Amino acid sequence: MFVSYKWLQDYIDLSGVTATELAEKITKSGIEVEGVEVLNNGIKGVVVGHVLEREQHPNADKLSKCLVDVGGEQPVQIICGAPNVAQGQKVAVATVGAVLPGNFKIKRAKLRGEESNGMICSLTELGIEGKVVPKEYSEGIFVFPADAEVGVDAIAMLNRNDEILELSLTPNRSDCLSMLGVAYEVAAILGRNVKLPETNLQASTEKASDYVKITVEAKEDNPLYVAKVIKNVKIGPSPLWMQTRLMSAGIRPHNNVVDITNYILLEYGQPLHAFDYDRLGSKEILVRRAADGEKFVTLDDAERTLTSEHLVITNGTEPVALAGVMGGANSEVTSDTTTVLLESAYFNGAPVRKASKDHGLRSEASARFEKGVDPNRVRAAGERAAYLMAKFAGGEVLEGAAEADTLTVEPAVVSITLEKINRVLGTELVMKDVKEIFDRLQFGVSIEEDTITVTAPTRRGDIKIEEDLLEEVARLYGYDNIPKTLPIGSTTPGGLNEYQKKRRVVRQYLEGAGLYQAVTYSLTSEEKAAQYALEKRDTIRLSMPMSEERSILRLSIMPQLLEVLKYNSARQNDSIGVYETGAVFLANGTDSLPVEKEHIAAAITGLWESHSWQGEKKAVDFYVIKGILEGMFAKLGLFEQVQFVQAQVDRLHPGRTAEILLNNEKIGFIGQVHPTVQKDLDLKDTYVFELSLKAVLEAEAPALQYEAIPRFPSITRDIALVVNKETVSGTLSEIILTAGAPLLKEVHVFDLYEGDKMEEGKKSIAFSLKYLDPERTLTDEEVTKVHTRVLAALEEKAGAVLRG
Amino acid sequence: MQERLKELQEEAIQKVEKSVSLKELNDIRVAYLGKKGPITEVLRGMGKLSAEERPVMGALANEVRETIAVKIEAKQKGLEEAAVLEKLASESIDVTLPGRPIKVGNHHPLTRIIEEIEDLFIGMGYQVAEGPEVEQDYYNFEALNLPKGHPARDMQDSFYITEDILLRTHTSPVQARTMEKHQGKGPIKIICPGKVYRRDNDDATHSHQFMQIEGLVVGENIRMSDLKGTLEVFAKKMFGADREIRLRPSFFPFTEPSVEMDISCKICGGSGCSVCKRTGWIEILGAGMVHPNVLEMAGYDSKKYTGFAFGMGPERIAMLKYGVDDIRHFYTNDVRFLKQFSKHE
C-alpha cells in the first residue's frame, strides 16, 4: 500500500511529525514501512506554461515550434516533439535552468536550426511511471485544465511535493489497505483523532430502489449488495488532485466515474464497480454462481470461460461482472454514459480468489475482497462515492439504495485479564496503561476488576482472541519497553542425540581426510533421479514442478556430486574431493509420506597427492577412496563388521566396484565411475562411494575397552603366496586369520605382483603375519607349528602355495 | 735410544698435526703405534740395556706411546667434528620453500552456521530435533494454524506432490510433531535445523531449496520477555557483544504476538548505510509467542502452557556474517567458495 503523506492529512493532523518520522513510528508499532519516496526528487524550475502559438517546425516533420507564455516578461520559443501539442494548451514547461529527474539540466538549445528555450514535459519526464499516466497523455505531453494559472510551479500543481510511505502489509492487517485504516493506525500511534470524509449531499426525490431490484442467490458468497443510482452524469476527466493522488498510489486515471470508484477503493478500502445503467439491459441485478462453461467477456475484451466456483453479477440473465474481479464489456461506463449504477458489495474471499487466480486477474479490488473488507464500510463507501460523483461528475444522486442484505455484523468482543497480559509479556503494566492503549485504538473498553473487555471495530477483523489483544498491547506499549529475561522453571538437558553426535564425527573425519562438504538440491530430473540408486523404487514427482530439471525427488546423492565435480573441473579445479550427507526419498505408495533415508556420498577425482616442487604426483585410485571409507568405519568402531564384495553397479567401472556390507547387509557401493560416464562429464578418473548413513550411524559398535599393551615380543613371519589371478586378498586374509587364531594377531598385505615373471593366470601376494601371546614369550617352535597350519589351510582352501 | 724415542715422538706429533683426514690419522696410528711401528722396534732393542735402564726406558717408551695416542685421539675428535660440520653444511635446505600440504576439507558454510547456532542453544539447554522434508499438509500448515484457504498460504507457494503431501516450506512441522509427541506436557526446548523448499525462481536472493533453523520453547511460565532475552543472548553471541537488538511487531499465523528481530548494522554501527538500507537495522529472524490454536492442536492446555518460537535462515545469516552476495553460491559448491570457510572462528 502506497500512502501519500499529504493525503493522509485529510484524515489526521500530522503536524510535528515528518514523513520519515512517521514511517519509523509505524514500523516500530507493527507495520513495516519499506521506504519513503520523495516524489519531487531533484526536480526544479518546471512551471505551467500557455501555448500561445504552435506551428510546424520548418525543417522537421515531427517537431513543432511553439511560442509559450511561462509567466515571464516575454513568451519564449520552445521546440516540442510531442504529437499532441496544440495551441491554447496549459502545459508543464521545464524552463532554461530547470533540473529534471536524473539530474537532467535544461539548457538553451538549437534544434534543426530553431532556438528552443526549454522543454514541454510529459509526465514520465517528470518522474511519473508510464503505466499510471492517463492513456491520452501516455504518448505525449500532459495538458493541465484550462484554468491553470500560468507561471505557477507545475510540480506543486501535480501534487508532487509529497512523500509516499510504502507499507508492507502482513495478511492480518488488511485494514490498512485503505487511507482511513492507515489513519486509524496512525491515530493510535500518535494519540490523535481521525476526521472522516464528507458524504452529505442533497439527494434527488427519485428513489434508487425504483430503478433497480437486487436479488442475491449466492447469499453466502455475497451477503450484502448495495446499489446506488446516479443520473445525469457527465463523463470527463476527474479533478487534477484526484488524478494525481491516484497516480501516486499506482493507479492510472481514466474518467471521473471510474476514478471516483478507484479513489474510494483507496480511501475506504472498499472496491466499487460502476455500471452503465442504460447498458445493463434490465432493471435487475441478480448475483449467482456462474454455470460451468458459461462465457463472459470482461472489460479488457477477453472472453472468459467460467465455472460454478466463480461468482457473477448478472442483469437477471447475462453476466455483467465477474464479482469482485472485473466488470463486463457489455456494461462498461463509456463517454456516453449518463446514468451510473454503483455497486458497493461485500463479497467473500473464496470465490473472488478462485476467479482472480483462474483468470490471472489479480487487482487492487480482488486483493481486498480476498483479505476481507470492513462490512460496516460498504454503505459508507457507496455514499461517499455518490457524493463525489455529484460533485465532480455533475450527477444527481437518487435517494437511498437498492439492497440485498443478509449480513450479520457482530463486532468481536474479547476479554483478557491484566494478570495474563503481564504473565505472558513479562511486564508490570497497570490497568490504566492497558486502557489507554485500547482508547487510542478507538476500541470499546469496559473494565471489571482485573478483566478488561474490548469491543474491536469491524475494520479490525484480525482481532478475535485474547492473544490478539496481547499483541495490540505489546506493540503499542512498545517492544523496546518489554524487559529481557530468560526462561525460569524446570529445565531440560540440552544436547545432541547419539545419531547427531556420530554424524558430526563422520563429517569431521571426512573433512580431515581431505573432502569438502557439499550441499546440493534434493530435486532433480527424471533421468538423474534413479542413477546410482541403492534401492530401485518409483520416482516421486512434484505435481507442479517449476522445471524438468527440478521435478523429481532424488533417490541418490551421487548424480549431483558428480555435477559438482564437473562444475569444478571445468573451472580448473580437476583434483578435488567432496562429500555430502542428506536425505534421499523412497516412494512408499501415493498416500503415505516417502521413506527418507539419510545417505552419505563422496567423490574424488584427479590427483590426490601432488607436491609441485618435489615432483610427487599420485592420482586417485580405488584404494584411496577405500582407505578414506575404511578410516570412517574404524572411527565409528565398525571396521570389523564391514566387508567389501566385488560387484557390478550401473554406471560404475565393472571391474573396480564393490558392494559394501555392514553385518552382511548391503548398505552401499564404492568404485570407479564408469569411463564412459567420466568422459560424458569431462572428468578425470573419479572414485566414489555412496551408502546409507542411517545404517552406519545406527549400527552398534562394540564398547570401547582397554586391552593390555603386550609385555612380550611378537614374532613376524612374511610369506609370498602364488594364487590364481581371481583369488582376492580378502579371502586369503580370512583363511589366515581363522587358521592362525588365537596366536595370530595381525595380517597385512605388503606386496602384490602380477608381472610377467608369473605363470599365466597366476599372481603373487605377500602377507606379513604377526604372532603374539600376551602371557609369555613365544618360542620359534610354537610359532612354526601354527604357521604350518596356516600354510596348510591356505593351500587346502585357496590353492595357495609358497612362492619358490 | 732415549733420543730416538723423543725423535719419534716429535715426528709423530708433527704428522698428527698435519694430518687432514681420518684415514691419514689412522695410517699414522698404525705406523707409530702398531706392532710393526718404530716404537716397537726401539723396544725390541731393549734387551741390550742394563737391568736398571730397562724399566726407565720401558716407562719412557710407554709415555711416548701415550702422548702420541692422546694427540691422535684429540686430532681424531677434531677431524670428526669438522666432518660432521661439513656434512651438516652440505645438507642445508631452503626453509622458505612451501611445506607438504595436508589435504583437509571443511564444513559447508551453511553447516558451519547451523552447528554454531545448534551449539549456542545446546548451551542453553536445547535439544536438536529433526523431521521429514516431505510432509503432510497437516503438519506443514494446518497444525500451525494455517487452515486450507488461509491467505497466508499465498506467502509460501509450495511444491506439492499430492493434495496432502508436499515438500515442507519451513521447519515448523518439526515443532508440531515434537509437541504432539510430548502429549501435552512440558517443558520442550528444541532447535530444528533442516532443508526447506518453496516455489521460487533461483536468483541472487531466492532459492527453491534453502535451510532454516527454528527454535521452540514450551512450558508453564514462558513469557515474551524470555523470548526477548533469549534472542539477545543469541544475537550477541552470534554477531558480537556490541550488537543491539530490536523487536518489531509482525505477523505469522503460528504465533501471536509475532515479532521480527533486527540487529544493529555492523557496517555503519546503526547510523545508516546501504547494507541496512539506511535504517541502521538488519532483519535477522521472525519470532513470537506460540499461537494458542497451535498449542491446543498439539494437545496442550493453552490456559496453562505458553511458549515462544523463532526461526531464521542460515543462508541469510551466512550472507550477512561473511558478506556473501549471491545465495546460489551455497548450492553451486565451487571449491573456491567452499574452501574459504575453513578457518576456525
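Residues numbered from 1 in each chain as written. Chains lettered and ligands numbered in written order. Predicted model: local features only at pLDDT ≥ 70, side-chain atom pairs only at ≥ 80, totals over all residues. Heavy atoms only, no water.

K.L.:
What exactly am I supposed to notice about the environment of A:Asn41 here?
P.N.:
Residue and element names in this part refer to chain A. With respect to the secondary-structure elements, Asn-41 resides in the loop between β2 (32–38) and β3 (44–56). Residue Asn-41 is classed as exposed on the basis of its relative accessible area of 56%. Separated by 86 residues in the primary sequence, Asn-41 and Gly-127 place their C-alpha atoms 8.4 Å from one another. (Helix = DSSP H or I, 4+ residues; strand = E, 2+ residues; numbered from the N terminus. Buried < 20%, exposed > 50% of the residue type's maximum accessible area, 1.4 Å probe, protein only.)

K.L.:
Quick question: what am I supposed to make of helix α10 (residues 314–322) of chain B here?
P.N.:
Given 3.6 residues per helical turn, the α-helix brings residues three or four places apart onto the same face. Residue and element names in this part refer to chain B. Residues Pro-314, Glu-315, Ile-317, Ala-318 and Met-319 constitute the buried set of α10. On its buried face, α10 sits against α5 (109–122), β5 (209–219), α8 (224–239), β9 (306–312) and α11 (329–332). Positioned one or two residues after α10, Gly-323 has a phi angle of 75°, which is positive. (Contact = heavy atoms within 4.5 Å.)

K.L.:
Any chance you could explain a nonpolar patch on the surface here in plain terms?
P.N.:
Residue and element names in this part refer to chain B. Together, Val-84, Leu-85 and Leu-88 give the surface a local cluster of nonpolar side chains, amounting to about 300 Å² of exposed area. Mapped onto the secondary structure, Leu-85 falls in helix α4 (residues 53–90). Given the relative accessible area of 56%, Leu-85 is considered exposed. (Patch = residues over 30% accessible without salt bridge, like charges linked within 9 Å, V, L, I, M, F, W, Y side chains within 5 Å. Areas by Shrake-Rupley, 256 points an atom, 1.4 Å probe, with all protein chains shown as cover. Salt bridge = Lys/Arg side-chain N within 4 Å of Asp/Glu carboxyl O.)

K.L.:
What should I look at first to understand the sheet that holds strand β27 (residues 451–456) of chain A in this one?
P.N.:
Sheet strands associate in pairs through backbone hydrogen bonding, adopting either a parallel or an antiparallel arrangement. All names here are of chain A. Pairing within the open sheet is antiparallel, and its three strands lie in the order β25-β27-β26. Each end of this open sheet is capped by a strand with a single partner; those strands are β25 (412–417) and β26 (444–448). Taken over all neighbouring pairs, the strand axes of this sheet differ in orientation by 20° on average, direction set aside. Relative to β27, β26 runs antiparallel, the two being bridged by five bridges. The residue bridging Ser-446 from the neighbouring strand is Thr-453, located in β27. In this fold helix α12 (residues 466–477) packs onto β25 and β27, with an angle of close to 75° to the strand it touches most, β25. (Pairing = 2+ DSSP bridges. Axes fitted to C-alpha atoms, helices over the stretch in contact; angles between N-to-C directions.)

K.L.:
Can you help me understand the domain arrangement of chain A in this one?
P.N.:
How big an interface is tends to be stated in terms of the accessible area lost upon association of its parts. For chain A, the assigned domains read domain 1 (2–39 + 163–190), domain 2 (44–157), domain 3 (208–405), domain 4 (412–481), domain 5 (498–698) and domain 6 (715–802). Here the C-alpha centroids of domain 2 of chain A and domain 5 of chain A sit 69 Å apart. (Domains from an automatic or database assignment.)

K.L.:
Quick question: what am I supposed to make of helix α15 (residues 558–569) of chain A here?
P.N.:
Residue and element names in this part refer to chain A. For α15, with 12 residues, the first-to-last C-alpha span of 16 Å sits near the 16 Å given by 1.5 Å per residue. Burial analysis of α15 places nine of its 12 residues in the buried class, which makes it a mostly covered element. Of the residues making up α15, those classed as buried are Met-558, Pro-559, Gln-560, Leu-561, Leu-562, Val-564, Leu-565, Asn-568 and Ser-569. (Expected span 1.5 Å × (residues − 1).)

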